Amino acid sequence: MVGFILNIKKEFGEKIKRMRKSRKLTQEKLAEMIDISPRTLSCIEIGANFVKAETLEKIIKALNTTTEELFANEHLQDCNTLYKNIINLLKSARSDRKKLEHIYKIVKYFVNE
């Protein structure tokens, strides 16, 4: 059970870090925005600490995200499940050319990376 909790903290911290970086924020800037020390934010991002409820609310606001997005972990599924889910998503977008064009560009970028 302890290992599971550590994984949750680590995955959550990594997600905050990815979101912070995608928004071009430094640890120092985000820490300032949510009124914690950069060291505390660093500990959260590496999974050593978990956030208090009030800090979580501030993170959600500062990163302009939602609780659902922050805690979504569908991407942690095994490869076969992820592949099947991607195929199903593509099938649902089959008749929307604009969506397919966007999807194509994204997939092409990551495959050629």
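Preceding this paragraph is the structure being described.
If you're wondering where the values come from, they're calculated on a predicted model, not measured in any experiment.

Reading the values: rules and limits
Residues numbered from 1 in each chain as written. Predicted model: local features only at pLDDT ≥ 70, side-chain atom pairs only at ≥ 80, totals over all residues. Heavy atoms only, no water. Helix = DSSP H or I, 4+ residues; strand = E, 2+ residues; numbered from the N terminus. Buried < 20%, exposed > 50% of the residue type's maximum accessible area, 1.4 Å probe, protein only. Contact = heavy atoms within 4.5 Å. Core = buried A, V, L, I, M, F, W, Y, C linked by side-chain atoms within 4.5 Å. Patch = residues over 30% accessible without salt bridge, like charges linked within 9 Å, V, L, I, M, F, W, Y side chains within 5 Å. Areas by Shrake-Rupley, 256 points an atom, 1.4 Å probe, with all protein chains shown as cover. Salt bridge = Lys/Arg side-chain N within 4 Å of Asp/Glu carboxyl O. Polar contact = N/O pair within 3.5 Å; in protein donor to acceptor, adjacent residues only side chain to side chain.

Enquirer: How would you summarise the overall build of the protein chain if you had to cite specific residues and measurements?
Expert: Scanning the protein chain from N- to C-terminus turns up seven helices and zero strands. Listing each helix as α and each strand as β along the protein chain from the N terminus yields α-α-α-α-α-α-α. Taken across its 113 residues, the protein chain has 25% of its residues classed as buried. Expressed as a percentage of contacts within the protein chain between residues at least 6 apart in sequence, the contacts between residues at least 24 apart total 55%.

Enquirer: How would you explain helix H3 (residues 38-45) if you had to name every residue and give the values?
Expert: Think of an α-helix as turning once every 3.6 residues; residues three or four places apart then point the same way. Leu41, Cys43, Ile44 and Glu45 are the residues of H3 that are buried. Remark: Gly47 follows H3 within two positions and exhibits a positive phi of approximately 85 degrees.

Enquirer: Got a sec to walk through the nonpolar core? Specific residues and values, please.
Expert: Within the largest apolar cluster, 17 residues are counted, with the highest numbers of intra-cluster contacts made by Ile16, Leu30, Ile59, Leu63 and Leu70. Counting residues per element, the ones that place at least two in this core are helix H1 (2-22), helix H2 (27-33), H3 and helix H4 (53-62). If you tally residues by element for this core, the top one is H4, at four residues. Every residue in contact with Leu70, bar those within four places of it in the chain, is listed here: Phe12, Lys15, Ile16, Met19, Leu56, Ile59, Ile60 and Thr65.

Enquirer: Lay out the side chain of Thr65 in plain terms, naming residues and giving numbers.
Expert: By the secondary structure assignment, Thr65 is in the loop between H4 and helix H5 (67-71). For Thr65, a relative accessible area of 11% corresponds to the buried category.

Enquirer: Any details on a nonpolar patch on the surface? Residues and values, ideally.
Expert: On the surface, a nonpolar cluster with roughly 250 Å² of combined accessible area is contributed by Ile8, Phe50 and Phe71. Its place among the elements puts Phe71 in helix H5.

Enquirer: Which residues make up the side chain of Lys9, and what values do they have?
Expert: Here Lys9 is to be found in helix H1. At 3.4 Å, the side chain of Lys9 forms a polar contact with the backbone oxygen of Ala48. Discounting chain neighbours no more than four positions away, the residues touching Lys9 are Ile44, Gly47, Ala48, Asn49 and Phe50.

Enquirer: Describe the environment of Arg20, with residues and values.
Expert: Counting through the fold element by element, Arg20 comes out in helix H1. By relative accessible area, which is 5% here, Arg20 ends up buried. Sequence-wise, Arg20 and Glu45 are 25 residues apart; in three dimensions their C-alpha atoms are separated by 10.0 Å.

Enquirer: Give a detailed account of the environment of Met19, specifying residues and quantitative values.
Expert: Here Met19 shows up in helix H1. Along the chain, Met19 and Leu70 lie 51 residues apart, while their C-alpha atoms are 8.8 Å from each other.

Enquirer: Just give me the short version of the pattern of salt bridges, but keep the residues and values in it.
Expert: Under the counting rule described, the total for this entry stands at two salt bridges. Ionic pairing is found between Glu45 and Arg20, a salt bridge with its closest N-O pair at 2.6 Å. Of this pair, Glu45 sits in helix H3 while Arg20 sits in helix H1, and the two are 25 residues apart along the sequence. The two residues Glu45 and Arg20 agree in class, both being buried.

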